[in-house]
Protein chains: 2
Amino acid sequence: MDQDIIKKIPHKTIERLSQYRRALLICLSQGKTHIFSHEVAEIQHITAVQVRRDLMLIGYSGNLRRGYNIKDLIALIGTIIDSQDGQRVAVFGMGNFGRAISAYFEGRRERLSIVAGFDVNPQKIGTSIAGVPVYHIDRACEIISKEKIKIGIITVPGNQAVETAKIMVDCGIKGILNYSPSPVKVPEDVFLEEYDMITSLEKVAFYVKEH
Amino acid sequence: MDQDIIKKIPHKTIERLSQYRRALLICLSQGKTHIFSHEVAEIQHITAVQVRRDLMLIGYSGNLRRGYNIKDLIALIGTIIDSQDGQRVAVFGMGNFGRAISAYFEGRRERLSIVAGFDVNPQKIGTSIAGVPVYHIDRACEIISKEKIKIGIITVPGNQAVETAKIMVDCGIKGILNYSPSPVKVPEDVFLEEYDMITSLEKVAFYVKEH
DNA sequence: TTTGTCCTGTGAATTGAATAACAAAAACTA
DNA sequence: TAGTTTTTGTTATTCAATTCACAGGACAAA
Ligand SMILES: NC(=O)c1ccc[n+]([C@@H]2O[C@H](COP(=O)([O-])OP(=O)(O)OC[C@H]3O[C@@H](n4cnc5c(N)ncnc54)[C@H](O)[C@@H]3O)[C@@H](O)[C@H]2O)c1
Ligand SMILES: NC(=O)c1ccc[n+]([C@@H]2O[C@H](COP(=O)([O-])OP(=O)(O)OC[C@H]3O[C@@H](n4cnc5c(N)ncnc54)[C@H](O)[C@@H]3O)[C@@H](O)[C@H]2O)c1
């Protein structure tokens with residue numbers, strides 16, 4: 001696919017492509033070969049137009065009578081969002097949340113594997129949590145370069161997040177997923193995604209209370 | 001505050017108010033009494049105009065020379081996003097993630113407390129995980145009504161999410177935070193917020209790979 | 001007093017994303 | 001063959017959120 005086109009795909013479309021792919025994989029495993037936009041839409045609880053527009057943006061054409069070829073579509077989405085030889089990920093802060101994430105991703109996605117965890121707690125250093133080896137944060141640069149890690153997940157306490165992000169950037173991490181409640185700042189060439197669970201829960205609480 | 005105005009506050013503003021409040025509480029604990037929009041903006045890594053606009057929407061006026069009164073602002077945000085007598089929350093699926101969440105919220109926010117967990121694993125029923133009592137999902141309606149629970153967090157495996165959401169709605173839950181990768185559907189009067197970690201991680205991976 | 005600086009508050013313009021609307025293709029129907 | 005149905009692909013429109021641009025207040029210094 002053309003580089004310029006890829007740059008212009010909306011963030012939200014990228015997110016939905018990831019979701020379409022997982023839904024399609026389930027359909028494929030159920031023996032389906034083709035699917036209509038309105039069927040995808042129903043699974044994702046969005047509109048069929050939205051689905052068609054997303055597929056239009058990545059340049060995929062469906063069959064007018066049978067819909068989209070599931071296998072082809074999965075493959076195309078793969079060429080867009082996956083990297084050639086997979087991405088390697090590290091978790092910073094192997095506490096309750098870091099452990100849950102590590103356990104969850106263990107052997108789930110071949111192209112996205114958690115290969116290292118960093119912490120400061122001496123009791124955890126040198127152990128293996130959910131199959132992920134835990135190193136001291138001081139060895140971050142060494143391990144990141146050795147293991148060719150490009151992506152890092154922040155699950156340290158909020159007051160440590162800014163400092164941890166700095167270390168990550170200095171060690172060459174190019175994408176950060178920050179789950180601490182403290183916003184961090186990164187240079188232009190590092191992609192940052194932040195998600196704060198407290199905010200989400202407070203938001204739900206707000207819309208639940210009767211006004 | 002006027003009901004009509006509250007209804008018109010953008011979703012994104014509600015999210016930021018939650019974050020402003022936490023930042024302000026930290027400032028307050030450091031002895032500050034007033035703060036400028038650009039200072040708030042710097043903490044959150046957004047623009048000062050955004051901050052001023054958000055505060056404008058909730059009808060808060062700052063002092064032209066000293067900025068915003070931190071204490072007053074915290075109180076005002078509280079009247080908007082908090083409920084009168086706090087919200088009670090239940091976690092559905094007390095596995096790795098459910099446990100991490102329960103441990104995390106334990107005693108953190110007085111107005112938002114996790115008071116019950118539901119599971120199907122007989123080994124977990126009747127125990128207490130991170131201070132949260134675990135019940136069988138069959139007792140959901142009974143416990144939800146007894147404990148006056150209005151909010152539920154979904155942390156069951158993806159293939160159980162749709163069924164679990166149905167139970168939640170039937171038992172009178174009015175706000176759902178779905179952390180499973182499977183989208184769920186709810187009636188109009190139930191507020192739904194979904195977050196899929198895999199999507200986020202794949203998104204980061206996409207923007208990290210050089211195009 | 002006057003001038004300059006540093007804020008806030010807000011209407012107008014812009015951007016980004018979702019939705020509506022519809023042409024055209026394909027296959028079936030009568 | 002002519003019409004009906006179903007679905008894709010795309011342009012135009014609407015809606016939501018952010019940013020721009022600037023008026024106007026408060027104070028300090030000259
Ligand atoms: N547990 C959850 O469900 C949950 C939910 C929302 C947000 N979070 C956020 O995730 C983060 C972690 O939460 P948790 O519940 O796992 O806490 P936790 O205390 O269980 O884990 C934190 C871990 O980080 C390690 N750590 C501390 N300082 C460090 C540093 N400078 N470098 C590397 N490691 C360091 C600690 O040793 C510990 O192992 C927090 O920021 C929290 O706000 C967690
Ligand atoms: N662990 C993570 O960090 C993580 C990250 C992203 C998403 N998730 C999602 O969160 C969910 C849970 O993940 P996990 O890692 O905690 O898995 P887990 O297997 O550790 O926990 C699932 C729990 O749900 C219970 N359960 C199963 N069916 C149930 C039902 N019908 N009703 C009530 N409880 C039921 C199980 O007994 C188990 O305790 C999954 O949907 C997963 O995709 C988890």
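Residues numbered from 1 in each chain as written. Chains lettered and ligands numbered in written order. Predicted model: local features only at pLDDT ≥ 70, side-chain atom pairs only at ≥ 80, totals over all residues. Heavy atoms only, no water.

**As for the site of ligand 1**
Our working rule: Residue proximity to a molecule or strand is established when one non-hydrogen atom of the residue lies within 4 Å of it. Contacts described as polar in this section are N or O atom pairs within 3.5 Å, which, within protein, must combine one atom able to donate a hydrogen with one able to accept it, while residues neighboring in sequence count only if both atoms come from side chains. Here the accessible surface of atoms and residues is derived via Shrake-Rupley with a 1.4 Å probe, and residues count as covered only by protein chains that are part of the display. Labels follow the DSSP assignment, with helices taken as runs of H or I lasting at least four residues and strands as runs of E lasting at least two, numbered in each case from the N terminus. Only Asp, Glu, Lys and Arg are considered charged in this grouping, and only Ala, Val, Leu, Ile, Met, Phe, Trp, Tyr, Cys and Pro are considered nonpolar; every other residue, Gly among them, is considered polar.
In the neighbourhood of ligand 1, 22 residues make up the surrounding shell, with A:F97, A:D119, A:K124, A:V156 and B:Y104 lying closest. A:Q160 places a side-chain nitrogen or oxygen 2.9 Å from a nitrogen atom of ligand 1. The separation between an oxygen atom of ligand 1 and a polar side-chain atom of B:Y104 is 2.6 Å. Calculation on ligand 1 without its partners gives an accessible area of 810 Å², and the protein chains cover 85% of this total. Elements with a contribution of two residues or more to the shell around ligand 1: α6 (96-105), β4 (112-119) and α8 (158-170) of chain A together with α6 (96-105) of chain B. Looking at the shell around ligand 1, its residues break down into 12 nonpolar, 8 polar and 2 charged.

**Overview of the nonpolar core**
Nonpolar side chains in soluble globular proteins tend to be buried together. Rules: Here, nonpolar core means buried Ala, Val, Leu, Ile, Met, Phe, Trp, Tyr and Cys residues that are tied together by side-chain atoms lying within 4.5 Å of each other. Summary of the burial criterion: residues with accessible area below 20% of their type's maximum are buried, those above 50% are exposed, and those between are partly exposed, where the area comes from a 1.4 Å probe applied to protein chains only. In this description, contact between two residues means that some pair of their heavy atoms is separated by no more than 4.5 Å.
Among the nonpolar cores identified, the biggest contains 46 residues, and A:I101, A:I153, A:Y179, B:I101, B:I153 and B:Y179 are the most heavily contacted of them. When residues no more than four places from it in sequence are discounted, the contact partners of A:I153 are A:V89, A:A90, A:V91, A:F92, A:I101, A:M168, A:L177, A:Y179 and B:L201. Among the nonpolar cores identified, the runner-up in size contains 24 residues, and B:I35, B:Y60, B:I70 and B:L76 belong to it.

**Focus: empty space enclosed by the protein**
So the rule is basically this: Here a cavity is any set of points on a 1 Å grid over the protein atoms alone where a 1.4 Å probe fits but cannot get out, and a pocket is any open set with protein on both sides within 12 Å along at least 5 of 7 lines; a residue lines the site when it has an atom within 4 Å of a point. Grid points are joined across faces, edges and corners, and a volume is the space filled by probe spheres set on the points.
A full pass over the atoms with the stated rule returns 3 cavities of 30 Å³ or more. As a volume, the largest cavity reaches approximately 70 Å³. Along its surface, the largest cavity is lined by A:E202, A:A205, B:R21, B:I81, B:D82, B:S83, B:G86, B:Q87, B:R111 and B:L112. Considering only residue class, the lining of the largest cavity consists of 3 nonpolar, 3 polar and 4 charged. The calculated volume of the second largest cavity comes to roughly 40 Å³. Contributing elements (two or more residues each) for the lining of the second largest cavity: α6 of chain A together with α6 of chain B. Class assignment of the residues belonging to the lining of the second largest cavity gives a composition of 2 nonpolar, 2 polar and 2 charged.

**Points about the pattern of salt bridges**
The test is simple: Should a side-chain nitrogen of Lys or Arg be within 4 Å of a carboxyl oxygen of Asp or Glu, the pair is scored as a salt bridge.
Tallying each qualifying case throughout the model produces 22 salt bridges over all chains. Here A:E147 ties to A:R88 by a salt bridge, and the two come within 2.4 Å at their closest N and O atoms. With A:E147 in the loop between α7 (140-146) and β7 (151-154) and A:R88 in strand β3 (residues 87-92), the pair connects residues that are 59 residues apart, well separated along the chain. Here A:R88 falls in the partly exposed class, since its relative accessible area comes to 29%. Close ionic contact of B:D189 with B:K174 constitutes a salt bridge, the shortest N to O distance being 3.0 Å. Taken together, the residues span a long stretch of sequence, with B:D189 in the loop between β8 (175-178) and β9 (191-194) and B:K174 in the loop between α8 (158-170) and β8 at a distance of 15 residues. Each of A:R21, A:D82, A:R111 and B:E202 takes part in one network of salt bridges that share partners.

**Quick word on the interface of chain A and chain B**
Reports of interface size often rely on the accessible area that becomes lost once the parts have come together. For clarity, the threshold we go by: Buried area: the accessible surface (1.4 Å probe) lost by two parts on joining, summed over both.
Contacts between the two partners involve 62 residues from chain A and, on the opposite side, 62 residues from chain B. In total, chain A and chain B occlude about 5,900 Å² of area from one another, counting both sides; carbon and sulfur atoms represent 66% of this. Taken as a group, A:L201, A:E202 and A:K203 account for 12% of the area that chain A buries against chain B, more than any other trio of residues on that side. Here chain A and chain B share 8 salt bridges between them. Put simply, B:R21 and A:E202 hold a salt bridge, and the shortest N to O gap is 3.1 Å. Joining chain A to chain B, the criterion identifies 24 residue pairs in polar contact (both at pLDDT 80 or more). Sort the elements by how many residues they give to the side of chain A that touches chain B and helix α9 (residues 197-208) of chain A lands first, with 12 residues. Considered class by class, the residues forming the side of chain A that touches chain B number 32 nonpolar, 14 polar and 16 charged.

**Points about the relation of the copies chain A and chain B**
One chain copy maps onto the other through a rotation about an axis and a shift parallel to that axis. Operational definition: Copies are brought into register by a least-squares superposition over C-alpha atoms of residues with pLDDT of at least 70 in both.
With an RMSD of 0.1 Å, the operation that places chain A on chain B is a rotation of 180° combined with a shift of 0.0 Å along the axis. Read as a symmetry element, the transformation amounts to a two-fold axis. Both copies present the same face, since 100% of the interface residues in chain A are matched by interface residues at the equivalent positions in chain B.

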